[in-house]
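# Structural overview for review
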Number of protein chains: 2
Amino acid sequence: MPTEDAVPRRAGRPARLSKEAIVAAAAAIVEADGVEQLSMRRLAKDLSSTPMALYHHVEDKDELLLLLLEAHARGFPRPELPTEPRQRLLAAARTLHDVLADCPWIVEVLASDDLVAPSALWIVEDILDAAVRCGLTPEEAVHAYRVIWYYTAGELLVHFTRSRRRAEAGTPTHRDRAFAALDPTAYPRLTSMSGRWVALTTEDSHRRGLAAIITGLLSTDTTR
Amino acid sequence: MPTEDAVPRRAGRPARLSKEAIVAAAAAIVEADGVEQLSMRRLAKDLSSTPMALYHHVEDKDELLLLLLEAHARGFPRPELPTEPRQRLLAAARTLHDVLADCPWIVEVLASDDLVAPSALWIVEDILDAAVRCGLTPEEAVHAYRVIWYYTAGELLVHFTRSRRRAEAGTPTHRDRAFAALDPTAYPRLTSMSGRWVALTTEDSHRRGLAAIITGLLSTDTTR
DNA sequence: ACCTGAACACCGTTCAAGT
DNA sequence: ACCTGAACACCGTTCAAGT
């Protein structure tokens, strides 16, 4: 849907650049070479333009990242949710994760602003709605959303950071070295579990965590 | 505990710089002006040295950040934990948060490597230990730690990112603008709760979330 | 209105040289 | 061994000028 040329301009050349074209080019860079490679300069080059031309269409790099999320969320269909309240909450929370799970650049968005792209807000809405249907008060529902969001954001942060690091270096990470030098008498639990540690951070493990969290959030005696 | 000058060197001048001095100067910058201001160049200037002199003592900036965490954790006393298992797990998880809650630079560490500073590993050890005392299998304990860690990391990420953004700009954030333009019929839950949204992300709300998560992790029927 | 070019004020890090 | 200086290869963004 190019807005460009849709209506003939009153004067001057037609715009060579457009928000859509910029976002599409940015997505292509991220897809091909990773977020690290996304810079205003590289983006301009790919568009055969200059860095400053971009600033005529987007306010700054933060807005560009948000537009990237925006475009991604728009392409993600809002799923049908189960009617049973707990299952509904679980499914809605899962969607939050799934929508973001293939956005390696989400880490940059998290570090720049909240998850407030208009086209992504239905995800929040669905979680709040499901939480209320579970019998939570509005306050409790907001709290529940927050807990779910922190868990999800943390998981994404750790996941993408690790895979980014792995991509760039073949050398063992700080973690590997630290674990190797561990004293078993001082850290009996850690050393005995260090084998199990790496064990794939599977999709399944994320879901199990979500299920546990929701059980806790819906349980009434949390105060003990 | 300056290692500098402790043993007279065999030859050459005494080192002007030391790891300790570098880390201390870095901590001072972060304390005074925030992480954004911490660069190898600024650090060198504060030490009346050159950027490249630093690389003789630390491998790169990532290691410097890890050393910062290292120094911070060393100054944090390992607390006595309750013996009742659930309370113990709760307290250990709380410690994880509390140790990091006054490290605004932790976001940079998270994005660069895992939380594996040797002097901070007792925090992980204590959580695993408490989880096992609660009756979890080693696998379950590792899983529980992970859920707690993701939740905590997410909370810290969001918290520090927000306060950083607030520090730099008086202008309303993307979030404010997005919420203001919200359509109540499309997002009934969101709009009706937008007032409650800002409601202080208190220390208390973090603890309530932790309690709920632990309830869920220790509950047996999470599969329903 | 839209775009360009040069410049500002930075980064982390490598390399070759000095003492 | 420890440090310096110059340089490399970048950043995001501002400003003044062009059409």
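What you are looking at is a predicted structure, and each value in this text was computed from that prediction instead of being measured. (Residues numbered from 1 in each chain as written. Chains lettered and ligands numbered in written order. Predicted model: local features only at pLDDT ≥ 70, side-chain atom pairs only at ≥ 80, totals over all residues. Heavy atoms only, no water.)

### Thoughts on the UniProt feature "domain: HTH tetR-type" (unreviewed entry) in chain A
Here is the rule we go by: UniProt positions are given in the numbering used here, feature names are shortened, and annotations may be inferred rather than shown by experiment. Under the DSSP-based scheme used, a helix requires at least four consecutive residues in state H or I and a strand at least two consecutive residues in state E, with every element numbered from the N terminus.
The sites that carry the UniProt feature "domain: HTH tetR-type" (unreviewed entry) are, in the present numbering, residues 16–76 of chain A. End C-alpha to end C-alpha, residues 16–76 of chain A measures 29 Å, and it is 66% helix and 0% strand.

### A closer look at the pattern of salt bridges
Formally: Put simply, a salt bridge is a Lys or Arg side-chain nitrogen that is within 4 Å of an Asp or Glu carboxyl oxygen. Note on classification: 1.4 Å probe, protein chains only; a residue is buried when its accessible area is under 20% of the maximum for its type, exposed when over 50%, partly exposed between these limits.
Under the criterion given, the structure shown has 16 salt bridges over all chains. A salt bridge links B:Asp129 to A:Arg189, with the shortest nitrogen-to-oxygen separation between them at 2.9 Å. One end of the pair, B:Asp129, is in helix α7 (residues 121–133); the other, A:Arg189, is in helix α10 (residues 188–198), on a second chain. Overall, the relative accessible area of 24% leaves A:Arg189 in the partly exposed class. Measuring nitrogen to oxygen at the nearest pair gives 3.6 Å for the salt bridge that ties B:Asp129 to B:Arg88. Here the residue B:Asp129 occupies a position in helix α7, and B:Arg88 occupies one in helix α5 (residues 85–101), the gap between them amounting to 41 residues. Per residue, the accessibility class of B:Asp129 equals that of B:Arg88, and both read buried.

### What about the interface of chain A and chain B?
This is how the line gets drawn: Residues are treated as being in contact if the distance between any of their heavy atoms lies within 4.5 Å. Accessible area that two parts lose when put together, evaluated with a 1.4 Å probe and summed over both, is termed the buried area. Under the rule applied, a polar contact is a pair of N or O atoms within 3.5 Å (in protein, one hydrogen donor and one hydrogen acceptor; residues adjacent in sequence only if both atoms are side-chain atoms). Each residue gets one label: Ala, Val, Leu, Ile, Met, Phe, Trp, Tyr, Cys and Pro are nonpolar, Asp, Glu, Lys and Arg are charged, and the others, such as Gly, are polar.
Contacts between chain A and chain B engage 69 residues on the former and 69 residues on the latter. Counting each side, the surface lost to burial between chain A and chain B is near 6,300 Å², with a carbon and sulfur contribution of 63%. Our enumeration of links across chain A and chain B arrives at two salt bridges. The interface formed by chain A and chain B holds eight residue pairs in polar contact (both at pLDDT 80 or more) in total. Among the secondary structure elements, those contributing two or more residues to the side of chain A that touches chain B are α4 (61–74), α5 (85–101), α6 (106–112), α7 (121–133), α8 (138–168), α9 (174–180), α10 and α11 (203–218) of chain A. A total of 19 residues in the side of chain A that touches chain B trace back to one element, the largest contributor, which is α8(A). Here the side of chain A that touches chain B is composed, by residue class, of 35 nonpolar, 14 polar and 20 charged.

### Describing the protein's contact with DNA strand C
The condition is simple: Whether a residue is near a molecule or strand is decided by its heavy atoms; if any one of them lies within 4 Å of it, the residue is near.
Taken together, 21 residues surround DNA strand C, and among them A:Arg16, A:His57, B:Arg41, B:Met52 and B:Tyr55 come closest. When the atoms of DNA strand C within 4 Å of the protein are grouped by moiety, sugar and phosphate amount to 45% of the total. The contact in question runs from a phosphate oxygen of DNA strand C to an N or O atom on the backbone of B:Met40, over 3.1 Å. Residue composition of the surface near DNA strand C, by class: eight nonpolar, five polar and eight charged.

### Points about the protein's contact with DNA strand D
What surrounds DNA strand D is a group of 21 residues, the closest being A:Arg41, A:Met52, A:Tyr55, B:Arg16 and B:His57. Expressed as a percentage, the sugar and phosphate content of the atoms of DNA strand D within 4 Å of the protein is 45%. In this structure, a phosphate oxygen belonging to DNA strand D sits 3.0 Å away from a side-chain N or O atom of A:Ser39. Take B:Leu17: an N or O atom from its main chain is 3.1 Å from a phosphate oxygen of DNA strand D.

### Notes on the nonpolar core
Applicable threshold: Grouping buried Ala, Val, Leu, Ile, Met, Phe, Trp, Tyr and Cys residues that are joined through side-chain atoms within 4.5 Å yields what is termed a nonpolar core.
Counting 150 residues, the largest nonpolar core has A:Leu43, A:Ile106, B:Leu43 and B:Ile106 as the members making the most contacts within it. Discounting residues that sit within four places of it in the chain, A:Leu43 has contacts with A:Ile22, A:Ala25, A:Ala26, A:Ile29, A:Leu38, A:Leu54 and A:Leu64.

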